[in-house]
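Observations on the model geometry
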Amino acid sequence: MAEGVANAIDSMAAIRKTVFEDKTLTMNQLLTALEADWKGYENLRRRLIARTPKFANDNDYADDIGREMMAYFIEKTRLHAARWYPTVIFPCSVGTFSWIISIGKEVAATPDGRHYGEPVAANLSPAPGTDVSGPTAAINSYVKMYSAHFAAGAPIDLRLSGTSLKDNAGTQRLAGLIKAFIELGGNMITLTVTDVEELKRAMKEPEKYRQLRVRMGGWSAYFVMLSKEHQLLHISRIEHGLV
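What comes next concerns the included structure. By convention here, each chain's residues receive numbers from 1 onward along its written sequence. Reporting of local features is limited, given that this is a predicted model, to residues whose pLDDT is at least 70; pairs of side-chain atoms are given and counted only at 80 or more, and all residues count toward the totals for whole chains, interfaces and linings. Hydrogen atoms and water are omitted, and side-chain values are computed over all heavy atoms in the structure.

What follows concerns the packing of aromatic side chains. Here a Phe, Tyr or Trp ring, Trp counted by its six-membered ring, pairs with any other such ring whose centre lies within 6.5 Å, and the pair is stacked when the planes are under 30 degrees apart, edge-to-face when over 60, and tilted otherwise. Throughout the structure, instances matching the rule amount to three aromatic pairs. Ring geometry for F73 and F150: centres 6.4 Å apart, planes at 25°, overall stacked. Of the two residues, F73 is situated in helix 4 (residues 60–81) and F150 in the loop between helix 6 (135–143) and strand 1 (155–160); the sequence distance between them amounts to 77 residues. Of the two residues examined, F73 and F150, each falls in the buried class. With centroids separated by 5.2 Å and ring planes inclined at 45°, the aromatic side chains of F97 and W99 adopt a geometry described as tilted. On the accessibility criterion, F97 (39% relative accessible area) is partly exposed. Secondary structure elements are defined from DSSP: runs of H or I of at least 4 residues count as helices, runs of E of at least 2 residues count as strands, and each element is numbered from the N terminus. A 1.4 Å probe rolled over the protein chains alone gives each residue an accessible area, and that area as a share of the maximum for its type sets the label: buried under 20%, exposed over 50%, partly exposed in between.

Spelled out as structure tokens, the structure:
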């Protein structure tokens, strides 16, 4: 089971572009910034976030790196699983369930601009705030990652604006998105349909939003029952509209 995939892709893209191609940064400079957890290097951190390619935007630069990484992961998983076959079958998967916060606390600062201890990207989803090109672009990047090979699951989690899904027309748009995901070879998709302002109101007045649910790594949770860290993570995700 792979974890933190989007962080790894974005980190490798940042290293390739800035250190090896543009040569605007040396590896020693980057390592020094990472060891300092970006303290004193905030401008560099923001530059890496804003100016390097990111997974989940249908950007071949980042996606090709991801494809290479996932192909290697699949190959090595099968190599080690072969000794147990057919008594035990070990299929590949990408998953974090709801452990993105606890996993992140064990991971040092990463070249994609993430601080030490911050949550990692959920499942095979974009790192929070990086999928700026819309839900179809995020799905296009996802299906390039050999998702058909992940028999044990590889969800992509997206948040859609509730205002863009009102009435029958909105339902049809949502159905079209899911149908396209399946036809493109998608493995698993989880969708939270709400608005960021509604989530913020629920944090301030939880007693008024007891029935509000969000997706958490393959299951639904009452938003007001989540920890503040998990609530802020949901708010930080890009809110996509469907037109």
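Alright, that's what it looks like, and here's the rest.
Now for unusual backbone geometry. With an omega of 5°, the peptide bond running from Y85 to P86 counts as cis. Examined against the element boundaries, P86 turns out to sit in the loop between helix 4 and helix 5 (100–104). Positive phi, normally seen in glycine, also occurs at D37, with a value near 55°. Looking at the secondary structure, you find D37 in the loop between helix 2 (27–35) and helix 3 (42–51). On the basis of relative accessibility, which here comes to 15%, the residue D37 falls in the buried class.

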